[in-house]
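These are the residues of each chain, in order.
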Amino acid sequence: MRPLGLLLCTLFALPAGAGRNDALHLYAETAYGHDDNLLRVPDGQPGFDGTRADSWWQREGGLIFDNSYGRQRISAVAKLSKYKFNHFRQLDYDGKDLQATWFWQLGSHLDGKVGTACEQVLAPYTDFASSERNLSRTRSRFVDGSWRLHPSWRLRAGMQRDRYDHVLAAQRINDRTERAAEAELDYLPAGGSTLGLVARRVRGTYPYLRRVGPFLIDDGFTQDELKARVLWLATGSTRIDALVGGTRRDQPSYGRDPTRGITGKIKATLQPRGSTTLDAIVWRDFAPLESTTVSHTLNRGAGVGAQWEATARLRVRLDAAVERRRYGTRAPFAAAGDIRDALRTGSLGATWSPRPAVQVSATLAHQARTGSALLGTGSFRSTSATLAVSARF
């Protein structure tokens, strides 16, 4: 724990540095973590190298920029990190988090944003049984614009391109690019709420064909959505955000007939007292899954959370969620039957701000999965703890 102690002493000794209203800030963080089942080994199976648990160090540094030039605002983040594991040293990696966004405005009726982002992280091992380093890279580009054609009406359109790459050769078959385009018409009543209609199309393309037995399968898909967007400020302390509607997903590797259903997300936030915030969320959505047996999942979940501002410097957060996944079986495996599993997560965290520019946080998290015999996955449990110190000056 010596690096954490040294950093704490250094941060407390630093001068005030940049103020809150300054455009450019330096960022630094160091963290220590431990997980008793890092690679999500199923219950009853031996761990890789005879062990399941491991600890790691994270060190991160970078720049944060945010400034307005008249009606134009520029926001950028550049963070680089290093992760070092105690036992599974082959997992050591350099992480990246790069973002840049231009929030533009022309006159009093036109506004929007243009941006790009790049992230490199260690992919989760929830659905990937291996002890190899599985780095994933995500690159995003997006642009959208809104036209306030009337005080009570707004028209918006946007496009986004996301590219997902895997460094591990065995996982490159899962590389894909998703291109999304959407249009939205919103009604804006005087009270600050919003009622809108959103039309969206997503095209997913895979550069490599997947071999499933004697077949070569293209995982490409097209997904069309028509949803209602609702922001309801019910009272001064209650807020409801919803995006719900119909989804049609065409994916030949799943079968000739498209998958249809109601999908979306509803979140309610309640702040009964100034120091306490409660929230609840439910969702139902399709998600790609890289597997030779299944092509995607239908995820249905619910979660609750609570945040307590104990003092001006201490914040406590509690979250719990459960997600049930129903797998879409590829056409050659349609006779395998109904395949399902469930993920349960929970976390308890506290953040202490001894100085305006310094934060000390601690988190305890738990994850559990009920496996599927048809899919060949087992149930597992994992408990992790992290302690981090960060500064922005």
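Residues numbered from 1 in each chain as written. Predicted model: local features only at pLDDT ≥ 70, side-chain atom pairs only at ≥ 80, totals over all residues. Heavy atoms only, no water.

Concerning the overall build of the chain
Okay, so step 1: Per the secondary structure count, the chain includes 1 helix and 20 strands.
Okay, so step 2: Buried residues in the chain amount to 36% of all 393 residues.
Okay, so step 3: Sequence-distant contacts in the chain: of pairs separated by 6 or more residues, those separated by 24 or more amount to 53%.
Okay, so step 4: Entry remark: accessible area of the chain is about 21500 Å², with carbon and sulfur atoms responsible for 58%. (Helix = DSSP H or I, 4+ residues; strand = E, 2+ residues; numbered from the N terminus. Buried < 20%, exposed > 50% of the residue type's maximum accessible area, 1.4 Å probe, protein only. Contact = heavy atoms within 4.5 Å. Areas by Shrake-Rupley, 256 points an atom, 1.4 Å probe, with all protein chains shown as cover.)

What to know about the pairing of strand S9 (residues 194-205)
Okay, so step 1: Note: strand S8 (residues 176-187) against S9, 11 bridges, orientation antiparallel. Bridge assignment links Ala180 to a residue of S9, and that residue is Val202.
Okay, so step 2: Sheet analysis places S9 next to strand S12 (residues 221-235), joined by 11 bridges and oriented antiparallel. What sits directly across from Gly196, in S12, is Arg229. (Pairing = 2+ DSSP bridges.)

Some remarks on the nonpolar core
Okay, so step 1: With 14 residues, the main nonpolar core has Leu38, Leu39, Phe85, Leu91, Tyr93, Leu122 and Tyr125 as its most contacted residues.
Okay, so step 2: Ignoring sequence-local partners within four residues, the contact set of Leu122 consists of Phe85, Tyr93, Arg133, Asn134 and Leu135. (Core = buried A, V, L, I, M, F, W, Y, C linked by side-chain atoms within 4.5 Å.)

Overview of the packing of aromatic side chains
Okay, so step 1: According to the stated counting rule, one finds 5 aromatic pairs in the structure shown.
Okay, so step 2: Note on Tyr83 and Tyr93: the rings are 4.6 Å apart at their centroids and 5 degrees apart in plane angle, and the pair reads as stacked. With Tyr83 in strand S3 (residues 72-85) and Tyr93 in strand S4 (residues 93-106), the pair connects residues that are 10 residues apart, well separated along the chain.
Okay, so step 3: When its relative accessible area of 18% is taken as the criterion, Tyr83 is described as buried.
Okay, so step 4: Just above the ring of Tyr27 sits the side chain of Lys79; from NZ or CZ to the centre is 4.1 Å. (Phe/Tyr/Trp six-rings, centres within 6.5 Å; stacked < 30°, edge-to-face > 60°. Lys NZ or Arg CZ within 6 Å of the ring centre and 35° of its normal.)

Remarks on the side chain of Asn37
Okay, so step 1: With respect to the secondary-structure elements, Asn37 resides in the loop between strand S1 (24-35) and strand S2 (54-69).
Okay, so step 2: You can call Asn37 buried: its relative accessible area is 2%.
Okay, so step 3: Those residues within four positions of Asn37 in sequence are excluded, and the remaining contacts are Arg52, Ala53, Phe380, Arg381 and Ser382.

Comments concerning the environment of Thr377
Okay, so step 1: Note that Thr377 resides in the loop between strand S19 (358-370) and strand S20 (380-392).
Okay, so step 2: For Thr377 and Asp127, which are 250 residues apart along the polypeptide, the C-alpha to C-alpha distance reads 8.2 Å.
Okay, so step 3: Not counting the four nearest positions on each side in its chain, Thr377 is found in contact with Arg369, Gly371 and Ser372.

A word on the pattern of salt bridges
Okay, so step 1: Taken as a whole, this structure holds 25 salt bridges when the rule is applied.
Okay, so step 2: A salt bridge links Asp279 to Arg317, with the shortest nitrogen-to-oxygen separation between them at 2.9 Å. Of the two residues, Asp279 is situated in strand S15 (residues 276-288) and Arg317 in strand S17 (residues 314-329); the sequence distance between them amounts to 38 residues.
Okay, so step 3: A relative accessible area of 15% means that Asp279 is categorised as buried. (Salt bridge = Lys/Arg side-chain N within 4 Å of Asp/Glu carboxyl O.)

Focus: a nonpolar patch on the surface
Okay, so step 1: The grouping of Leu106, Leu110, Trp147, Leu149, Trp153, Leu155, Leu185, Tyr187 and Leu195 at the surface amounts to a nonpolar patch, some 820 Å² of accessible area in total.
Okay, so step 2: Secondary-structure elements contributing two or more residues to the nonpolar patch are strand S6 (135-150), strand S7 (153-166) and S8.
Okay, so step 3: Examined against the element boundaries, Trp153 turns out to sit in strand S7.
Okay, so step 4: With relative accessibility at 35%, the residue Trp153 sits in the partly exposed group. (Patch = residues over 30% accessible without salt bridge, like charges linked within 9 Å, V, L, I, M, F, W, Y side chains within 5 Å.)

Quick look at the side chain of Asp165
Okay, so step 1: Tracing the sequence through the fold places Asp165 in strand S7.
Okay, so step 2: For Asp165, a relative accessible area of 12% corresponds to the buried category.
Okay, so step 3: Side-chain polar atoms of Asp165 contact the side chain of Arg163, separated by 3.1 Å.
Okay, so step 4: Not counting residues within four places of it along the chain, the set of residues in contact with Asp165 comprises Leu135, Ser136, Arg137, Arg139 and Asp175. (Polar contact = N/O pair within 3.5 Å; in protein donor to acceptor, adjacent residues only side chain to side chain.)

Structural notes on the environment of Ala312
Okay, so step 1: Mapped onto the secondary structure, Ala312 falls in the loop between strand S16 (294-309) and S17.
Okay, so step 2: The class of Ala312 is exposed, set by a relative accessible area of 87%.
Okay, so step 3: Residues Ala312 and Trp352, spaced 40 residues apart in sequence, show a C-alpha to C-alpha distance of 9.2 Å.

A closer look at unusual backbone geometry
Okay, so step 1: Unlike most non-glycine residues, Arg40 shows phi in positive territory, near 55 degrees.
Okay, so step 2: Here Arg40 lies in the loop between S1 and S2.
Okay, so step 3: Since its relative accessible area comes to 16%, Arg40 is described here as buried.
Okay, so step 4: You will see that Asp49, though not glycine, has its phi angle at about 60 degrees, which is positive.
Okay, so step 5: Mapped onto the secondary structure, Asp49 falls in the loop between S1 and S2.

Some remarks on the confidence of the model for the chain
Okay, so step 1: With 88% of its residues at a pLDDT of 70 or more, the chain shows a mean pLDDT of 89.
Okay, so step 2: Low pLDDT, under 50, characterises residues 13-18; the predicted model gives this stretch 9 contacts beyond four residues in sequence or across chains. (pLDDT = per-residue confidence, 0-100.)

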